[in-house]
Amino acid sequence: MSIRASYERHPDLGCEAVVFIDDESMACFQIQRDLTGGPRADEHCVTTGASAPVYGGIVEWRRVDDRFEFSLTPRAGRLFGDSVLSFEVSPVDDATVDDIAAHVDRLLR
């Protein structure tokens, strides 16, 4: 199973995000960060897109080819039903897996 991945920048909302969506279940995993100057620009959060954000929800991540793996904090793990999320990524639009990985890395710094 492959998960569609995209990068989104929303100046009107004051944030940017990498969004992962499973087309079959419509499950969503988002990594967000306030834009520079925002109140929480120094930390990331994770959300389902409909849930409240969990700040600092990712402990570590890695990429193995097209597979992304995220280790989550206990609170984020409860939100997503597991302490580790692992899935293959299919970028949308003109993005590449390398582009998505670069955005994830930057948002988590």
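Here goes a summary of the coordinates provided. Just so you know, these numbers come straight off a predicted model, no measurement behind them. (Residues numbered from 1 in each chain as written. Predicted model: local features only at pLDDT ≥ 70, side-chain atom pairs only at ≥ 80, totals over all residues. Heavy atoms only, no water.)

Another point: the sheet that holds strand 8 (residues 84-91). Strand order across the open sheet formed by eight strands is 5-4-3-2-1-8-7-6, with mixed pairing between neighbours. Sheet topology places strand 5 (54-55) and strand 6 (58-64) at the edges, where each strand pairs with a single neighbour. Relative to strand 7 (residues 67-72), strand 6 runs antiparallel, the two sharing six bridges. Its bridge partner being in strand 7, R62 is matched across the sheet by E69. (Pairing = 2+ DSSP bridges. Helix = DSSP H or I, 4+ residues; strand = E, 2+ residues; numbered from the N terminus.)

This part is about the pairing of strand 4 (residues 44-47). Where burial is concerned, the two faces of strand 4 agree: the one with H44 and V46 and the one with C45 and T47 are both buried. Inspection of the sheet shows strand 3 (residues 28-34) paired to strand 4 by four bridges, in the antiparallel sense. When the sheet's bridge partners are listed, I31 is paired in strand 4 with V46. In the sheet, strand 4 pairs with strand 5 via two bridges, with the strands oriented antiparallel. Across the sheet, the residue bridging to V46 is V54, located in strand 5. (Buried < 20%, exposed > 50% of the residue type's maximum accessible area, 1.4 Å probe, protein only.)

Turning next to the state of the cysteines. Scanning the model with the defined rule gives zero disulfides in all. A disulfide-free cysteine, C28 has its sulfur positioned 12 Å from the sulfur of C45, the nearest such atom. On the basis of relative accessibility, which here comes to 16%, the residue C28 falls in the buried class. The thiol of C45 is unpaired, and the distance to the nearest cysteine sulfur, on C15, comes to 7.9 Å. A relative accessible area of 4% places C45 in the buried class. (Disulfide = S-S within 2.5 Å.)

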